[in-house]
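# Inside the fold
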Amino acid sequence: MTSDARAAAVPPAAAGLRERKKAKTRATIRAVAMQLFTSQGYAATTVEQIAESAEVSPSTFFRYFPTKEDVVVTDDYDPLIIEAIRAQPPETPVADAVLLGMRQVFERLTEQEWDSERRRQELFRSVPELLARQLQATVAAVEMLTGVIAERLGVPPTDFGARALAGAFVGVSLTFLPPGRPHHFDSHDFDNVREALIGLRTHLEPLQP
C-alpha cells in the first residue's frame, strides 16, 4: 500500500486525534523548555534536559524542533495569521485584510499565552543569537505573507506588487511591533502600523513610473 493510500485509509477522527496529540506534545516541549530557560538560563539548558523534563526522547524533540533555538524562534502565530487573513471577506481591501487578520489573532490570545509570549520576548532581548535568528525569520514571514496577499489579489505569488506589499508590511511591523518588546500588542499598536502604511503611501505617490 502506498503512503497516499495509507493516509486515505485513516479515518478522519483518528487523523484528528493524531494531530491533537502531536500539537499537545509540541506545546509540552515548548512550555517545559521556556520554564527551564527562565529558571536556569538559556545557555545552561540542554536539549537533553528539555527532553527529560518533557518526558520525550531527544530524537522526539528534534522531530518537533530542529534546534534548541527553534523552540523560541519558531512562531506558531504566523500560520494562524495567514488563515485569519484568508477568512476576511473578499471585498475587504488587501491591506485592511492583513491588519484585521493580525489584530484578530492577537486579540484572541489568553493571558497564559501572553505570559508565554512575554517570556519569549524576554529571551529575544537577553540572548543576542536568538534575536539574530528572529530577524532572519522575517524572510520566511515575507514569503508566507506574499502568498496570501497574492491569493487575495488574484495574482501569482511571484507578482512584484504582492511581494513589495508583503515586504512593506513586515518592515513596518518590525518597526512598530519589534521582537523583544516588553509588553503585548494592543489595538493602538495596530493603528500605528496602519497609519505608518498610509504615510508610506503618501511618500511613495510622487514617484513616477
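The rules we used
Residues numbered from 1 in each chain as written. Predicted model: local features only at pLDDT ≥ 70, side-chain atom pairs only at ≥ 80, totals over all residues. Heavy atoms only, no water. Helix = DSSP H or I, 4+ residues; strand = E, 2+ residues; numbered from the N terminus. Buried < 20%, exposed > 50% of the residue type's maximum accessible area, 1.4 Å probe, protein only. Contact = heavy atoms within 4.5 Å. Areas by Shrake-Rupley, 256 points an atom, 1.4 Å probe, with all protein chains shown as cover. Axes fitted to C-alpha atoms, helices over the stretch in contact; angles between N-to-C directions. Parallel < 35°, antiparallel > 145°, perpendicular 65-115°, else oblique. Nonpolar A, V, L, I, M, F, W, Y, C, P; charged D, E, K, R; others polar. Core = buried A, V, L, I, M, F, W, Y, C linked by side-chain atoms within 4.5 Å. Expected span 1.5 Å × (residues − 1). UniProt positions renumbered as here; feature names shortened; annotations may be inferred. Polar contact = N/O pair within 3.5 Å; in protein donor to acceptor, adjacent residues only side chain to side chain. Salt bridge = Lys/Arg side-chain N within 4 Å of Asp/Glu carboxyl O. Patch = residues over 30% accessible without salt bridge, like charges linked within 9 Å, V, L, I, M, F, W, Y side chains within 5 Å. Phe/Tyr/Trp six-rings, centres within 6.5 Å; stacked < 30°, edge-to-face > 60°.

### Some details on the overall build of the protein
Broken down by element type, the protein carries twelve helices and zero strands. Ordering the α and β elements of the protein from the N terminus gives α-α-α-α-α-α-α-α-α-α-α-α. Residues counted as buried form 33% of the 209 residues belonging to the protein. Relative to all contacts within the protein whose residues are 6 or more apart in sequence, the contacts with residues 24 or more apart total 64%. Entry remark: accessible area of the protein is about 12,300 Å², with carbon and sulfur atoms responsible for 59%.

### Brief notes about unusual backbone geometry
Its identity as a non-glycine residue notwithstanding, Glu-55 has a phi of 60°, on the positive side. Turning to its location among the elements, Glu-55 is positioned in the loop between helix H3 (47-54) and helix H4 (58-64). Here Glu-55 falls in the exposed class, since its relative accessible area comes to 75%.

### Description of the packing of helix H8 (residues 111-126) against helix H9 (residues 128-136)
Taken N-terminus to C-terminus, the directions of H8 and H9 make an angle of 105°; their axes are 5 Å apart at the nearest point. Between H8 and H9, the interaxial angle falls into the category roughly perpendicular. Every residue of H9 that contacts H8 at Arg-120, Leu-123, Phe-124 and Ser-126 is listed here: Pro-128, Leu-130, Leu-131 and Gln-134. Residues that form the contact of H8 with H9 fall into these classes: five nonpolar, two polar and one charged.

### Details of the nonpolar core
Within the largest apolar cluster, 28 residues are counted, with the highest numbers of intra-cluster contacts made by Ile-85, Val-98, Phe-106, Leu-145, Ile-149 and Phe-169. Of all the secondary-structure elements, those providing two or more residues to this core are helix H6 (77-86), helix H7 (94-107), helix H10 (138-153), helix H11 (160-176) and helix H12 (187-204). At seven residues, the largest contribution of residues to this core is made by H7. The residues contacting Val-98, other than those within four sequence positions of it, are Ile-85, Leu-145, Ile-149 and Phe-169. One finds Ala-33, Met-34, Val-72 and Val-73 within the second-largest nonpolar core, a separate group that totals 20 residues.

### Here we look at H7
Here H7 is 14 residues long and its end C-alpha atoms lie 20 Å apart, about the 20 Å a rise of 1.5 Å per residue gives. Among the residues of H7, those classed as buried are Val-94, Ala-97, Val-98, Leu-99, Gly-101, Met-102, Val-105 and Phe-106.

### Observations regarding the UniProt feature "DNA-binding region" (unreviewed entry) in the protein
The positions UniProt marks with the feature "DNA-binding region" (unreviewed entry) are residues 46-65. End-to-end, the C-alpha atoms of residues 46-65 are 13 Å apart, and along that stretch the chain is 75% helix and 0% strand.

### Examining the side chain of Arg-30
Along the chain, the position of Arg-30 falls in helix H2 (residues 12-40). Overall, Arg-30 belongs to the buried group, its relative accessible area being 13%. Only 2.6 Å separates the side chain of Arg-30 from the backbone oxygen of Thr-74, close enough to count as a polar contact. Apart from the residues lying within four places of it in its own chain, the contact partners of Arg-30 are Phe-65, Asp-70, Val-71, Val-72, Thr-74 and Asp-76.

### Regarding the pattern of salt bridges
Tallying each qualifying case throughout the model produces 14 salt bridges. Between Glu-111 and Arg-118 there is a salt bridge; the shortest N-O distance is 2.8 Å. For Glu-111, a relative accessible area of 52% translates into the label exposed. Relative accessible area serves as the criterion here: at 29%, Arg-118 is assigned to the partly exposed category. What you see here is one network of salt bridges that share partners, running through Arg-26, Arg-30 and Asp-76.

### Thoughts on a nonpolar patch on the surface
On the surface, Leu-200, Leu-204 and Leu-207 cluster together into a nonpolar patch covering about 280 Å² of accessible area. Tracing the sequence through the fold places Leu-204 in helix H12. By relative accessible area, which is 44% here, Leu-204 ends up partly exposed.

### What to know about the packing of aromatic side chains
Enumeration over the complete set of coordinates arrives at five aromatic pairs. An angle of 55° between the planes, with centres 4.9 Å apart, marks the rings of Phe-37 and Tyr-42 as tilted. Its relative accessible area of 3% is what places Phe-37 among the buried residues. Ring plane angle 45° and centroid distance 6.0 Å describe the contact between Phe-61 and Phe-65, whose orientation is recorded as tilted. Given the relative accessible area of 0%, Phe-61 is considered buried. The structure contains a cluster of three or more aromatic residues connected by ring pairs, namely Phe-61, Phe-62 and Phe-65.

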